[in-house]
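In case you want the letters, here they are:
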Amino acid sequence: MKFLKPHAERLYALFRIAAGLMFMLHGMQKVLGMFGGIPPEAPAFIVYGAGSIELVGGLLIAIGLFAAPAAFLSSGTMAVAFFLGHVIPAQGNLNPLVNKGELAVLYCFAFFYIAAHGSGIWSADAARGAKH
């Protein structure tokens, strides 16, 4: 779609910001008990380990400060979450439609893309003159 090409960097920035903020909400739920509170079945390593990565990683991705390494760590966290939280409970079924892991897969690949692309425009990294 040619009419979108001139806006590609702005659309990427909006994508990075939205993905980071939504990921941060999961961390706020786990670590801070907001938005329905800590899931009762979640073990401590999920609440404090993954929750901290979601909270801090999501914030860093959204503001574009060290977004590439934060997104890489977040991508790996979501890959682990997919297998531990979805594949194993579904008796090894890798189909995200069956094991309810679509969101983990989407976050995993979205953050993998952000890790490759970097912070881009409208970011703290761009404001401080860091290479993005």
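Provided above is the structure to which this section pertains.
In this report, the structure presented in the accompanying data block is examined. Throughout, residues of each chain are indexed from 1 in the direction in which the sequence is written. Thresholds applied to this predicted model are a pLDDT of at least 70 for local features of residues and 80 or more for the giving and counting of side-chain atom pairs; totals over whole chains, interfaces and linings are not thresholded and use all residues. Each side-chain value is worked out from all heavy atoms of the structure, with water and hydrogens disregarded.

## Considering unusual backbone geometry
- Look at phenylalanine 66: it is not a glycine, yet its phi comes out positive at around 55°.
- In this structure, phenylalanine 66 sits in the loop between helix H2 (44–63) and helix H3 (67–87).
- Taking the relative accessible area as the measure of exposure, phenylalanine 66 reaches 45% and is therefore partly exposed.
- Phi is positive for glutamine 91, close to 55°, though the residue is something other than glycine. Secondary structure elements are defined from DSSP: runs of H or I of at least 4 residues count as helices, runs of E of at least 2 residues count as strands, and each element is numbered from the N terminus. Throughout, exposure labels follow a simple rule: accessible area from a 1.4 Å probe, protein chains only, divided by the maximum for the residue type, with under 20% read as buried, over 50% as exposed, and the rest as partly exposed.

## Some thoughts on the packing of aromatic side chains
- Note on ring pairs: Phe, Tyr and Trp rings are taken, using the six-membered ring of Trp, and paired if centres are within 6.5 Å. Classes follow the plane angle, with under 30 degrees stacked, over 60 edge-to-face and the rest tilted. Applying the stated criterion to the full structure yields six aromatic pairs.
- Seen from their ring centres, tyrosine 12 and tyrosine 113 are 5.7 Å apart, and the 75° between their planes marks the pair as edge-to-face. Of the two residues, tyrosine 12 sits in helix H1 (residues 8–32) while tyrosine 113 sits in helix H5 (residues 102–117), which places them 101 residues apart along the sequence.
- Using a relative accessible area of 5% as the deciding quantity, one classes tyrosine 12 as buried.
- Judged by its relative accessible area of 44%, tyrosine 113 falls in the partly exposed class.
- Aromatic side chains phenylalanine 23 and phenylalanine 111 sit 4.7 Å apart centroid to centroid with 65° between the ring planes, which places their arrangement in the edge-to-face category. One end of the pair, phenylalanine 23, is in helix H1; the other, phenylalanine 111, is in helix H5, and 88 residues separate them in sequence.

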